[in-house]
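What the coordinates show
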Amino acid sequence: MTWPDSALPTTYDAAATEATWYPTWTEHGVFTADPARAATREPFVIVIPPPNVTAVLHMGHGLNNTVQDVLIRWRRMAGDEALWVPGTDHAGIATQNVVEKQLAAEGKTRFDLGREPFVQRVAEFVDKTGGEILNQLKSIGASADWSRTAYTFSPELSRSVRETFVRLHEDGLVYKGHRVIHWCPRCGTSLSDEEAEFTDTNGKLYHLRYALANDASQFITVATTRPETMLGDVAVAVNPDDERYQALIGQEVILPLNGVRIPIVGDSYTDPTFGSGAVKITPAHDANDFEVGKRHQLAMPVIIDAEGFVREVEGAAGRVPAELSGLDRFAARKAIVQLLEAAGALVKIENHAHSVRHCYRCDTVVEPRLSDQWFVKMQPLADKALAALRTGELRILPERWEAVYVNWLEGIRDWNISRQIWWGHRVPVWYCESSCGETPIVSRTDVTQCPGCSGSVRQDEDVLDTWFSSWLWPFSTLGWPEKTPDLKAFYPGDVLVTAPEILFFWVARMVMSGCWFLDKAPFHTVYLHGTVRDMQHRKMSKSLGNGIDPLDVVKLYGADALRWTMVAGLGLGVDIMLDPNDLEKSFSPGRNFCTKLWNIGRFLLSRVGTDPVAPVSSLDRAQLAPADRWILERLDIAIADCDAALGPARPSTAEHWAELERGRGLRLSEYAEAARRFVWNELADWYLESIKPRLAAEGTADREVARAVLAHAFDGALRLLHPIVPFITEELWQKLPQTPQGTFLAQAAWPVHSGEPAGAGAGFEMVRESVAAIRQVRAEYNVNPGAWVDAVLVATADTQDMLALQADTVGSLARAKVRVETSNPGGAAAQVLLSGGIELVVPLAGMVDLEKEKQRLDTEIVQLDKQLTALDARLANEGFVSKAKPQVVEAERAKATEWRTRLTQLRDKRTSLGA
RNA sequence: GGGCGAAUAGCUCAGCUGGUUAGAGCACCUGUCUUACACACAGGGGGUCGGGGGUUCGAAUCCCUCUUCGCCCA
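Residues numbered from 1 in each chain as written. Chains lettered and ligands numbered in written order. Predicted model: local features only at pLDDT ≥ 70, side-chain atom pairs only at ≥ 80, totals over all residues. Heavy atoms only, no water.

**Focus on the packing of aromatic side chains**
All told, the structure shown has 28 aromatic pairs when counted by the stated rule. Between Phe 165 and Trp 374, the aromatic rings sit 5.6 Å apart at their centres with planes inclined by 75°, giving edge-to-face as the arrangement. Taken as a pair, Phe 165 in helix α7 (residues 155-170) and Trp 374 in strand β16 (residues 367-376) lie far apart in primary sequence, 209 residues in all. Since its relative accessible area comes to 4%, Trp 374 is described here as buried. Residues Phe 475 and Phe 517 carry aromatic rings whose centres are separated by 6.5 Å and whose planes lie at 55° to one another, so their mutual orientation is tilted. One end of the pair, Phe 475, is in helix α13 (residues 473-476); the other, Phe 517, is in helix α15 (residues 503-518), and 42 residues separate them in sequence. Look at Phe 475 and you get buried, because its relative accessible area is 0%. These aromatic residues form a ring-pair network of at least three members: Phe 165, Trp 374, Trp 415, Phe 468, Trp 471, Phe 475, Trp 480, Tyr 491 and Phe 517. (Phe/Tyr/Trp six-rings, centres within 6.5 Å; stacked < 30°, edge-to-face > 60°. Helix = DSSP H or I, 4+ residues; strand = E, 2+ residues; numbered from the N terminus. Buried < 20%, exposed > 50% of the residue type's maximum accessible area, 1.4 Å probe, protein only.)

**Things to note about the pattern of salt bridges**
Considering all chains together, one arrives at 56 salt bridges under this definition. Put simply, Arg 694 and Asp 702 hold a salt bridge, and the shortest N to O gap is 2.9 Å. Using a relative accessible area of 11% as the deciding quantity, one classes Arg 694 as buried. (Salt bridge = Lys/Arg side-chain N within 4 Å of Asp/Glu carboxyl O.)

**Concerning the nonpolar core**
With 205 residues, the main nonpolar core has Leu 71, Phe 165, Tyr 405, Phe 468, Met 512 and Phe 714 as its most contacted residues. In terms of nonpolar packing, the next biggest core, distinct from the first, is built from 31 residues, Leu 248, Val 253, Ala 335 and Ile 336 among them. (Core = buried A, V, L, I, M, F, W, Y, C linked by side-chain atoms within 4.5 Å.)

**A closer look at the protein's contact with RNA strand B**
Taken together, 40 residues lie near RNA strand B, and Thr 595, Arg 602, Arg 607, Trp 680 and Lys 883 sit nearest. At 2.5 Å, a side-chain N or O of Trp 680 approaches a phosphate oxygen of RNA strand B. Within the side chain of Glu 689, one N or O atom sits 2.9 Å away from a base nitrogen of RNA strand B. Among the secondary structure elements, those contributing two or more residues to the surface near RNA strand B are α11 (400-410), α18 (583-607), α20 (668-690), α24 (762-780), α26 (850-876), α27 (878-883) and α28 (886-912). (Near = heavy atom within 4 Å. Polar contact = N/O pair within 3.5 Å; in protein donor to acceptor, adjacent residues only side chain to side chain.)

**Digging into unusual backbone geometry**
Across the junction of Leu 397 and Pro 398, the peptide omega takes the value -10°, indicating a cis bond. Relative to the helices and strands, Pro 398 is located in the loop between β17 (395-397) and α11. Following Gly 647, the chain continues into Pro 648 via a peptide bond in cis, with omega recorded as 5°. Tracing the chain through its elements places Pro 648 in the loop between α19 (626-646) and α20. Unusually for a residue other than glycine, Ser 454 sits at a positive phi of about 60°. With respect to the helices, strands and loops of the structure, Ser 454 is situated in the loop between β21 (441-442) and β22 (457-459). A residue is classified by how much of its surface remains accessible, and Ser 454, at 48% relative accessible area, is partly exposed.

**Structural notes on the sheet that holds strand β29 (residues 816-821)**
Strand order across the open sheet formed by four strands is β29-β28-β31-β30, with mixed pairing between neighbours. Taken across any chain shown, the strands that pair with only one partner, and hence form the sheet edges, are β29 and β30 (830-833). Within this sheet the neighbouring strands show an average axis-to-axis angle of 20°, counted without direction. Pairing of strand β28 (residues 789-794) with strand β31 (residues 839-842) involves three bridges; the strand directions are antiparallel. Of the residues in β31, the one forming a bridge with Val 794 is Glu 839. (Pairing = 2+ DSSP bridges. Axes fitted to C-alpha atoms, helices over the stretch in contact; angles between N-to-C directions.)

**Looking at the pairing of strand β7 (residues 196-212)**
Judged from the 13 bridges that link them, β7 and strand β15 (residues 346-359) form a sheet pairing that is antiparallel. Residue pairing for β15: Leu 205 is matched across the bridge by Glu 350. In terms of strand pairing, β7 meets strand β8 (residues 215-224) through seven bridges, oriented antiparallel. Bridge pairing in β8 places His 207 opposite Ala 223. Taken together, β7 and the strand that follows it, β8, pair antiparallel across an intervening segment of two residues. When β7 meets strand β10 (residues 252-254), the two strands line up antiparallel, connected through two bridges. Counterpart to Leu 212 in the pairing with β10 is Val 253.

Coordinates in, geometry out; function isn't part of it.
Next up, the structure:
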């Protein structure tokens, strides 16, 4: 017979499908959460790690947002009130740098423009080009609630930021400190500890000698990696327990080059084993030296300015020789080393591997610098964040990151939150311009005159660290400090998905702010995924040029192919390798999978058609063929596997993770594999093939059963797969005969166990084994693939009926004319022993190679005999039988019995073939 | 310098609280354009689980140690 043309085109058109469904979903508000509904549905909330407002989508975003979308779509289908809050970060330093670069191209600096016009210009730039990344996220299918799109620098979020600063000040946790901080001379701002990244560097260790003041013939040698700072030295420190130097403590040395007299002090900070055991102390240019300087009440001359040039900046009169003044710090290093050598003060230069801090935004070497900055006292906040993890209110996956989190929090240091840039939230502090004695005014609202003397005020020049707004993201986006319905319904959220790189920058700080301001951790699960790397395991980056543009992949293979490839390869916390030079190779798994799904859909629509199908629950169980029961059981198992891989979605009891389930769930690759196995290896490879004859039997009741079961099984598969490949599954689902008009798969119910009894598929397993055996024989004997062979299934009393029922199915799947008999017909034939005592006999008239058959049996006998011998030895071992768990021993005994029977049968068969 | 992780098939990885005849995908080999699908189907080869010690009736799995690689922190 001829089949009607499929309702579907022969190839899947990803672009057209994506262009259809995304706008349709958004028009119907599929992604929009409603706090009113959260009364009857469990809310499930994810906040996006806000990309920089000027960012362009890269593979890391692709991975991060695909994971979030998988989770949010899963929960949406599972009946939760799912909310995914999208938005962007104003990214203070990064964004300012972008605009400064534009200005540089025009030959200008931000100072040429002045503060107000510059901020204006950045704002315009952001308005015009910013947030494009959110549109790019739509093209990979991100089902975020765009009606709630947030921005860290919006008026609403700015209000949260100011509230936070003021409240922390009221709590006594914000203070202004004078100390050595990390300074980026290129960005012209201070940085937090986290923003000054370590880079391993092969540097030099310079050994300098300073002459004693009272005896110029004696020297003390100090070792330093930064000789240029010697102009600002105020002491030489030695360990008070170091016998070599004890006598020198209290004496003075004379600095070469500038002749300044400085004392030798004893301080246990000095490590006697490092270098010469004596170190120079430059309090204004080294954080440790600053502490030593404070302990000994030493002066703190500043000899390097904000731009990184050596000169007498503060308290340094007479310290910088004229010929060195104005030199860049690195040029000054060279010059000073030469001068020291000429002066005989350079003892030696050694190679020295050490770590040098660099600005995380522009990679400039960071300069430690003495300055006034705003700090947050972190210890009280950290205590709460630690408690959240310890009580199980919070968990981190993979669990090994929990130790890293704890370690950081236990050693927490105060957070420098002020930045000397212009793009960001201005510090809400004002100072009286007269000297009326009014202390700095910290205010929620703008201050225009001094509350003390009514005189004029000026606002603090600094802006706040970008992360000081991002750390509020889980609640600032919901309207905090207002008590909004959103805040009430959707805080605390559920899962935070991000990369481990920003565990400290962002994740730990969000936990701290959430616990401090709202008394609850902002989420119960932190999911840290791996990094996208190239085939040499290098992180994809702009500078290496080894990146992949996700939009290129979407264009070439579709968003679903991109998503599938990433999710399928996403072991928990494991890096994902992709080849930027071979997109085809990298993404063909996703593309191939989509094609397979598409073709299953085409088959189904052409054979099942669009006429109504009966719900599976309405079918008479007696009508179900073994294959039907098998695939229904397999679907149940697939559902259970997917659920087990993904869940639990939240702590199942109270609000704390129980120890047993703490490490469970979010195994995305396992989920993908379970769904793939079902739809491809079970539904397509076996069920669909086995029912082809039934679907061809027009007008029969059995055809209706097969139609119903196939439609149901594919429907279940599409539901399971939708979170990973939303577009193609929606497109196919809409075409299924049983899909209700006007509904979306994106909102359809997550499948649940159908109640098929365990073992329901056992009958069909006989079919699968028989078919596999016949195919194997055919391949071994090189039977023409198109040719039909004869096959006899020798049944036992138990299996006779079942086999008779399925002989035709076996035949059609294996291209064999199958007879079921009760005794072995003998003769020249290929023979295979199946499980349950069933034998397969394939006569293969004239083709059977007796030697080959003997060989095959011999191989199998030898192997089985070896295994059985080992098993028997184990069972004969007194230690095993007495110490192993009874169930294990029992299982091994059963196995031994089975193997022994099989071995006997194999030997009989072998004997019958002769020597 | 401290901490953590990884090392299993050519590649990317599963293998969770010790008991499997060590698995998957890709790659490879042999067939097949069998009217859903060659982006596919059928069949097949390939691993002394990084080295060495130990615990145990039993170790890829637990402990120690070494080697190599990676990450985080100072």
